[in-house]
Amino acid sequence: MTKARIDARFAALKTEGRAAFVAYVMAGDPDAATALKILKGLPAAGADIIELGFPFSDPMAEGPPIQRAAQRALAKGMTLSGTLELARAFREGDQDTPIIMMGYTNPLVTWGYDAFARDAAAAGIDGIIVVDLPPEEADPLADALDANQMSLIRLATPTTDDARLPVVINRTSGFVYYVSVAGVTGVKEADAATVAPHVARVRKASGLPVAVGFGIKTPERAGAIAEVADAVVVGSALVDEVAEAVEMNEDVTSRVLSKVASLAKAVRLARQGLTTV
Amino acid sequence: MNAPARPNDYTAYPDASGRFGDYGGRYVPETLMPLVHELDAAYKAAKADPAFQAELNGFLTHYVGRPSPLYFAERLTDHFGGAKIYLKREELNHTGSHKINNCMGQILLARRMGKTRIIAETGAGQHGVASATVCARFGLPCIVYMGAVDVERQKPNVFRMNLLGARVEAVTSGSATLKDAMNEALRDWVTNVHDTYYLIGTAAGMHPYPEMVRDFQSVIGKETRAQILEVEGRLPDAVVACVGGGSNAIGIFHPFLNDEGVKLIGVEAAGEGMDTDRHAAAINGGRPGVLHGNMTYLLQDREGQITEAHSISAGLDYPGIGPEHSWLHDVGRATYLTATDLESLDAFKLTAELEGILPAIESAHALARIGDVARDVGKGGVVVLNLSGRGDKDVATVAAHLGMQI
Ligand SMILES: Cc1ncc(COP(=O)(O)O)c(C=O)c1O
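Cut-offs applied
- Residues numbered from 1 in each chain as written.
- Chains lettered and ligands numbered in written order.
- Predicted model: local features only at pLDDT ≥ 70, side-chain atom pairs only at ≥ 80, totals over all residues.
- Heavy atoms only, no water.
- Helix = DSSP H or I, 4+ residues; strand = E, 2+ residues; numbered from the N terminus.
- Rg over C-alpha atoms; globule rule 2.2 N^0.38 Å.
- Buried < 20%, exposed > 50% of the residue type's maximum accessible area, 1.4 Å probe, protein only.
- Contact = heavy atoms within 4.5 Å.
- Areas by Shrake-Rupley, 256 points an atom, 1.4 Å probe, with all protein chains shown as cover.
- Lys, Arg positive; Asp, Glu negative; His and termini not counted.
- Charge placed at Lys NZ, Arg CZ, Asp CG, Glu CD.
- Buried area = accessible area lost by both parts, 1.4 Å probe.
- Salt bridge = Lys/Arg side-chain N within 4 Å of Asp/Glu carboxyl O.
- Near = heavy atom within 4 Å.
- Polar contact = N/O pair within 3.5 Å; in protein donor to acceptor, adjacent residues only side chain to side chain.
- Nonpolar A, V, L, I, M, F, W, Y, C, P; charged D, E, K, R; others polar.
- Domains from an automatic or database assignment.
- Disulfide = S-S within 2.5 Å.
- Pairing = 2+ DSSP bridges.
- Right-handed = clockwise from strand over helix to strand, strands pointing away.
- Axes fitted to C-alpha atoms, helices over the stretch in contact; angles between N-to-C directions.
- Parallel < 35°, antiparallel > 145°, perpendicular 65-115°, else oblique.
- Left-handed = near helix turned anticlockwise from the far one by under 90°.
- Patch = residues over 30% accessible without salt bridge, like charges linked within 9 Å, V, L, I, M, F, W, Y side chains within 5 Å.

Structural notes on the overall build of chain B
Now for step 1: Each helix and strand in chain B was counted, giving 15 helices and 14 strands.
Now for step 2: In terms of C-alpha radius of gyration, chain B reaches 19 Å, essentially the compact-globule figure of 22 Å for 406 residues.
Now for step 3: Dimensions of chain B along its principal axes, counting C-alpha atoms only, are 55 × 50 × 50 Å.
Now for step 4: When burial is assessed residue by residue, chain B has 65% of its 406 residues classed as buried.
Now for step 5: In chain B, 73% of the contacts between residues at least 6 apart in sequence involve partners at least 24 apart.
Now for step 6: Carbon together with sulfur atoms contributes 51% to the accessible area of chain B, which is approximately 13,800 Å² in total.
Now for step 7: Treating the 37 positive side-chain charges of chain B as one cloud and the 48 negative ones as another, the clouds have centres 3 Å apart.

Concerning the interface of chain B and chain A
Reports of interface size often rely on the accessible area that becomes lost once the parts have come together.
Now for step 1: Opposite the 36 residues of chain B that make contact, chain A presents 36 residues.
Now for step 2: Between chain B and chain A, a total of about 2,700 Å² is buried, with carbon and sulfur atoms accounting for 54% of that surface.
Now for step 3: Sorting the residues of chain B by area buried against chain A places B:Glu30, B:Arg187 and B:Gln305 first, and these three jointly supply 24% of that buried surface.
Now for step 4: On the surface where chain B and chain A come into contact, there are three salt bridges.
Now for step 5: In this structure, A:Glu137 and B:Arg19 form a salt bridge, with 2.5 Å as the shortest nitrogen-oxygen distance.

What to know about the environment of A:Ile225
Residue and element names in this part refer to chain A.
Now for step 1: Along the polypeptide, Ile225 turns up in helix H10 (residues 219–226).
Now for step 2: Sequence separation of Ile225 and Ala245 is 20 residues, and the distance between their C-alpha atoms is 27 Å.
Now for step 3: What Ile225 contacts, discounting residues up to four positions off in sequence, is Ala190, Asp191, Ala192, Val212, Ile216 and Val232.

Overview of the site of the ligand
Residue and element names in this part refer to chain B.
Now for step 1: The environment of the ligand is formed by 18 residues, the closest being Thr202, Gly244, Gly246, Ser247 and Ser388.
Now for step 2: A distance of 2.7 Å separates an oxygen atom of the ligand from a polar atom in the backbone of Gly246.
Now for step 3: Taking Ser388, its side chain carries an N or O atom lying 2.7 Å from a nitrogen atom of the ligand.
Now for step 4: A per-class count over the shell around the ligand returns five nonpolar, eleven polar and two charged.
Now for step 5: Split by domain, the shell around the ligand shows at least three residues from each of two domains, domain 1 (26–58 + 98–213) and domain 2 (65–97 + 218–401).

Let's talk about the pattern of salt bridges
Now for step 1: In total, this model carries 49 salt bridges over all chains according to the counting rule given.
Now for step 2: We note a salt bridge from B:Glu30 to A:Arg164, for which the minimum N-O separation is 2.7 Å. Residue B:Glu30 is found in the loop between strand S2 (23–27) and helix H1 (33–47), and its partner A:Arg164 is found in the loop between strand S6 (155–156) and helix H8 (165–169); the two belong to separate chains.
Now for step 3: Since its relative accessible area comes to 5%, B:Glu30 is described here as buried.
Now for step 4: The residue B:Lys393 makes a salt bridge to B:Glu362 at a minimum N-O spacing of 2.8 Å. Of this pair, B:Lys393 sits in the loop between strand S14 (382–387) and helix H15 (395–401) while B:Glu362 sits in helix H14 (residues 361–377), and the two are 31 residues apart along the sequence.

So, the state of the cysteines
Residue and element names in this part refer to chain B.
Now for step 1: Inspection of the entire model under this criterion finds zero disulfides over all chains.
Now for step 2: Just so you know, Cys103 is unpaired, no disulfide at all, and the nearest cysteine sulfur is the one on Cys135, 8.1 Å from it.
Now for step 3: Cys242 forms no disulfide, and the closest cysteine sulfur to it belongs to Cys103, at a distance of 16 Å.

Things to note about the domain arrangement of chain B
All names here are of chain B.
Now for step 1: The domain boundaries assigned to chain B delineate domain 1 (26–58 + 98–213) and domain 2 (65–97 + 218–401).
Now for step 2: The distance between the C-alpha centroids of domain 1 and domain 2 comes to 22 Å.
Now for step 3: Taken together, the contact between domain 1 and domain 2 spans 32 residues of the former and 36 residues of the latter.
Now for step 4: A buried area of about 2,700 Å², summed over both sides, lies between domain 1 and domain 2, and 57% of it is on carbon and sulfur atoms.
Now for step 5: Considering only the surface of domain 1 that becomes buried against domain 2, Tyr27, His98 and Lys179 emerge as the three largest contributors, covering 26% of it.
Now for step 6: Considering every element that reaches the side of domain 1 that touches domain 2, the biggest residue donor is helix H8 (residues 178–191), with five residues.
Now for step 7: The class makeup of the residues in the side of domain 1 that touches domain 2 is 14 nonpolar, twelve polar and six charged.

Notes on the sheet that holds strand S11 (residues 287–291) of chain B
Now for step 1: Pairing in this open sheet of four strands is antiparallel, and the strands run S1-S2-S12-S11 (chain B) from one edge to the other. For this open sheet the edge positions go to strand S1 (19–20) and S11 of chain B, each flanked by a neighbour on one side alone.

Brief notes about the pairing of strand S8 (residues 210–213) of chain A
Residues and elements named next belong to chain A.
Now for step 1: Going residue by residue along S8, you find Val210 and Val212 tucked away on one face and Ala211 and Gly213 tucked away on the opposite face as well.
Now for step 2: As defined by bridge partners, strand S7 (residues 176–179) adjoins S8 across four bridges and the pair is classed as parallel. When the bridges of S8 are listed, Tyr178 appears paired with Val212.
Now for step 3: On the question of chirality, the crossover connecting S7 to the parallel S8 by way of helix H9 (residues 192–206) is right-handed.

Some words on the sheet that holds S14(B)
Residue and element names in this part refer to chain B.
Now for step 1: One open sheet accounts for six strands, arranged S3-S4-S14-S9-S10-S13; its pairing is mixed. Each edge of the sheet is formed by a strand with only one pairing partner; in this case those strands are strand S3 (70–72) and strand S13 (334–340). Across this sheet, the average inter-strand angle for adjacent strands is 25°, counted without regard to direction.
Now for step 2: Two strands pair when backbone bridges link them, and strand S10 (residues 263–271) and S13 are joined in this way by seven bridges, in the parallel orientation.

With respect to the packing of helix H3 (residues 64–75) of chain A against helix H11 (residues 236–248) of chain A
Residues and elements named next belong to chain A.
Now for step 1: Contact pair H3 / H11: the axes reach a minimum separation of 9 Å and the direction vectors enclose 50°. Put simply, H3 runs oblique to H11. You can see that H3 and H11 cross each other, and the crossing is left-handed. Across the interface between the two elements, Pro65, Ile66, Ala69 and Arg72 of H3 pack against Ser236, Val239, Asp240, Val242 and Ala243 of H11.
Now for step 2: Each residue belonging to the contact of H3 with H11 can be placed in one class, and the counts come to six nonpolar, one polar and two charged.

Overview of a nonpolar patch on the surface
Now for step 1: Together, B:Leu358, B:Val395 and B:Ile406 make up an exposed nonpolar region whose accessible area comes to about 280 Å².
Now for step 2: The topology assignment puts B:Val395 in helix H15.

Topic: the side chain of A:Thr97
Residue and element names in this part refer to chain A.
Now for step 1: Note on placement: Thr97 falls in the loop between helix H4 (80–91) and strand S3 (99–103).
Now for step 2: Given a relative accessible area of 2%, Thr97 falls into the buried group.
Now for step 3: Sequence-distant contacts of Thr97, that is, excluding residues within four places in its chain, are made with Arg5, Arg9, Pro43, Ala47, Asp48, Ile49, Ile50, Phe90, Arg91 and Asp126.

Describing the environment of B:Asp22
All names here are of chain B.
Now for step 1: On the secondary structure map, Asp22 appears in the loop between S1 and S2.
Now for step 2: Residue class for Asp22 comes out exposed when judged on its relative accessible area of 60%.
Now for step 3: Spatially, the C-alpha atom of Asp22 lies 33 Å from that of Leu87, the residues being 65 residues apart in sequence.

Side note on helix H12 (residues 323–331) of chain B
Residues and elements named next belong to chain B.
Now for step 1: Of all nine residues making up H12, seven are buried, and the element is well covered by its neighbours.
Now for step 2: Taken together, the buried positions of H12 are occupied by Pro323, Glu324, His325, Ser326, Trp327, Leu328 and Val331.
Now for step 3: Following H12 by one or two positions, Gly332 adopts a phi angle in the positive range, close to 85°.

So, in structure tokens, the structure goes:
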């Protein structure tokens, strides 16, 4: 079911002629119950794919927004099993929206790769991105995921040259995630013109859809990237909404979902703009 | 549980993928992976280049002040009444600790690679000072990441770094200590991939750092081996060193790894005690996991979240340990003991009073176990302790613990 769910989603979007909007949510931020409400509201707000962050104490590739989101989640006791619990609860009401987990190696090592892959598949997870697990170290996890028909989604970056690209793509399925800037999440801004040739390069080498993320914060930027990529990922800008809503004592769920709606709308309109040109 | 088999040649590690048995590796984001491969290739070429080695040796002799003396600590020996105790005087190096050995090697490599911007992390500030020093010497800009908590407790070293022209960035994320400084340095490196060299201060992190830092620090053990053979006509019965990330320890251990008659003893920081959770002993109080690019023993909770280390010594206040130590522990070639804050303070005072040497509070952890080791080995035996740094930077900390104001 799992890899199939990602492939089915991209196939459907292809016939619609538009890019996917991928929303990143940190499990347990600001607390488990609210995070579940956000998850359940994401498809209706326009998220085509969900990236579900699982918190780690030392997220070395994250900028301040996601660092703080992880701290908020950990302070409320979120765990890897808690993250799978959220996915399971979401799946009860939605069989079609792919969920990709995203996080760091150590909680997975602690759980054990084989047990994790089995439990994650059972919870309805479709794939995983592990930021600090490059291809050189990933075979044991890739084996475990394969055994459970889950996708290992790799990151390609501005430093991944043509010689290295095949290493990154090997054993990748579902899609490839192109990191649009050399840097941590949520700091530098992605530029569609710079990103476009890299997306084409990765798409050609992998034969897979290419998602772009790391520097996309506004609907304008999301729309511009949607014209050149197969999927647009927004994370830091969404967790910042959580932080601000908490600070201003506003309703977190509605604030996050309205941001998702505005980003998703920009992604949907992007290609229409293209076809009218 | 069966220990892994002992190898025939301990010095044949790491393997091509940067592993010491199960430990080590390169667990870094893809953005850094090409840089890590580039560094590995550049270091291999430098290691094999006699011109590089000659340049390094020249600076070690004339700038760092090597070789450091191997000193017979007669009064400590008499005090404990066991084996003869020798101190390897790394505190006499320029900048006051062993850290400069590694910094000199890496700055020459960075120059060779054409890098123009140097970043480093520091805990006690000793590695930060050594990094700032070599950057000043070679005219390169230096940014030192330091936990905000450490900036507060190591003020004199922050000022020294500033005097040397380095910029100290106080890190407030996470627990605001050494592990967070390392996270922040890695974030800088991911962001500035083209011109920046990351000068890691200990034998930990992603391959090739554990191997490279070990190689640069092995000058300590090579000298010690030659010096003890000259004065005693034999190898020591035991070699003792404190362990934070493990660079001074692996530096003195490595040239003795294949001499199985030489006991190798590392001393981890037990903080307020191993029966509390306020310590920094990764091997004695942790379990294997992945942090900062390597698989190694780590302090962590049941869920694999890294927990905070605690030690009176900022230089040992780190939840991990270099991967080669994790492996030497598992195969049984080295033994890892612990010393508490209070034991280390006592050893600090004892060494000052008996030998006229103020040891770094880090080194004082090794001194805290030297009596036990000397008595274990017994009269007629010989033990060597790596006195990794001098204690001038710690006088305020020691005074505070003695209830005094200076
Ligand atoms: C004098 C001294 N000894 C030891 C250490 C611990 O580091 P390592 O275990 O890498 O030698 C430090 C670290 O700051 C230090 O300053």
